[in-house]
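# Residue-level structural notes
Read off the chains here:
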Amino acid sequence: MTPPAGQPETPDPLDEEIARLEEFVALLQEEQALLAAGDGDRLLSLVETKTALANRLAALGEMREAALARQGCGAGREGMEAWLARQGNPARQAAWQKFLALAAQARELNEVNGKLIGLQMHHNQQALAALMSATDRAMVYGPDGQQSAGLSGRILGKA
């Protein structure tokens, strides 16, 4: 943010915030492709990168809020728009609009990805239920060597 004439220079995290938000949108798009492909292994490595980037975006947002407060502007979108109106700088206004568009895109992608995750969890639960049901009806041999339906009282994974 460029301060009004006669005021000290304050850091402008908006440009970096836009760059990190572009990276975040790209990660969300990659996450969506991996979810659609069912590639759980690559999803796990993506989560760490996504979390670090989300934390960086939060820190940049806090820096922007602090800069707005130093300029005597309110917080959030209203404060930023008030600050931009005082500046009369079309380039900064365009940057803000780009930021808002990227934030909306990230929000939409994250919502879709959440739904995809929920859908995959539902399919996994159905598959597990089908496997458990099939196991309950399977013919197995009991301790006496005779065939019997279902499992004994023993829980899988326990000795």
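Conventions and cut-offs
- Residues numbered from 1 in each chain as written.
- Predicted model: local features only at pLDDT ≥ 70, side-chain atom pairs only at ≥ 80, totals over all residues.
- Heavy atoms only, no water.
- Helix = DSSP H or I, 4+ residues; strand = E, 2+ residues; numbered from the N terminus.
- Buried < 20%, exposed > 50% of the residue type's maximum accessible area, 1.4 Å probe, protein only.
- Contact = heavy atoms within 4.5 Å.
- Areas by Shrake-Rupley, 256 points an atom, 1.4 Å probe, with all protein chains shown as cover.
- Core = buried A, V, L, I, M, F, W, Y, C linked by side-chain atoms within 4.5 Å.
- Axes fitted to C-alpha atoms, helices over the stretch in contact; angles between N-to-C directions.
- Parallel < 35°, antiparallel > 145°, perpendicular 65-115°, else oblique.
- Left-handed = near helix turned anticlockwise from the far one by under 90°.
- Nonpolar A, V, L, I, M, F, W, Y, C, P; charged D, E, K, R; others polar.
- Salt bridge = Lys/Arg side-chain N within 4 Å of Asp/Glu carboxyl O.

### Description of the overall build of the chain
Helices and strands together make up the secondary structure of the chain, namely four helices and two strands. Along the chain, helices and strands appear, N-terminal first, in the series α-α-α-α-β-β. Burial statistics for the chain: of 159 residues in total, 26% are counted as buried. Excluding contacts between residues fewer than 6 apart, the proportion of contacts in the chain whose partners are at least 24 apart in sequence is 57%. Carbon and sulfur atoms form 58% of the exposed surface of the chain, whose accessible area is close to 10200 Å².

### Brief notes about the nonpolar core
Counting 23 residues, the largest nonpolar core has L14, L21, F24, M80, W96 and F99 as its most contacted members. Looking at this core, the elements with two or more residues in it are α1 (14-37), α2 (40-70), α3 (76-87) and α4 (90-137).

### Quick word on the packing of α1 against α2
Their axes nearest at 10 Å, the elements α1 and α2 cross at an angle of 155 degrees. Taken together, the axes of α1 and α2 lie roughly antiparallel to each other. For the element pair α1 and α2, the recorded crossing hand is left-handed. Seen from α1, the contacting residues are E16, E17, R20, L21, E23, F24, L27, L28, E30, E31, L34 and L35; seen from α2, they are R42, L43, L46, T49, K50, L53, A54, R56, L57, L60, G61 and R64. The residue inventory of the contact of α1 with α2, partitioned by class, reads 12 nonpolar, two polar and 10 charged.

### As for the environment of L53
Looking at the secondary structure, you find L53 in helix α2. L53 sits in the buried class, given a relative accessible area of 9%. Between the alpha carbons of L53 and L27 there is a distance of 9.4 Å; along the sequence they are 26 residues apart. Residue contacts for L53: discarding those within four places in its chain leaves R20, E23, F24 and L27.

### Remarks on the pattern of salt bridges
Enumeration according to the criterion identifies 12 salt bridges in this entry. For E81, the salt bridge identified is with R77, shortest N-O distance 3.1 Å. In this pair, E81 and R77 are both assigned in helix α3, four residues apart and thus about one turn of the helix distant. Residue E81 is classed as partly exposed on the basis of its relative accessible area of 34%.

### A few points about the packing of α2 against α3
The relative placement of two packed helices is expressed as an angle between their axes plus a distance between the axes. Here α2 crosses α3 at 55 degrees, and the two axes come no closer than 10 Å. Judged by the angle between their axes, α2 and α3 are oblique. The interaxial crossing formed by α2 with α3 has left-handed handedness. Of α3, the residues touching α2 (which contributes R64, E65 and L68) are G76, G79, M80 and W83. The residue inventory of the contact of α2 with α3, partitioned by class, reads three nonpolar, two polar and two charged.

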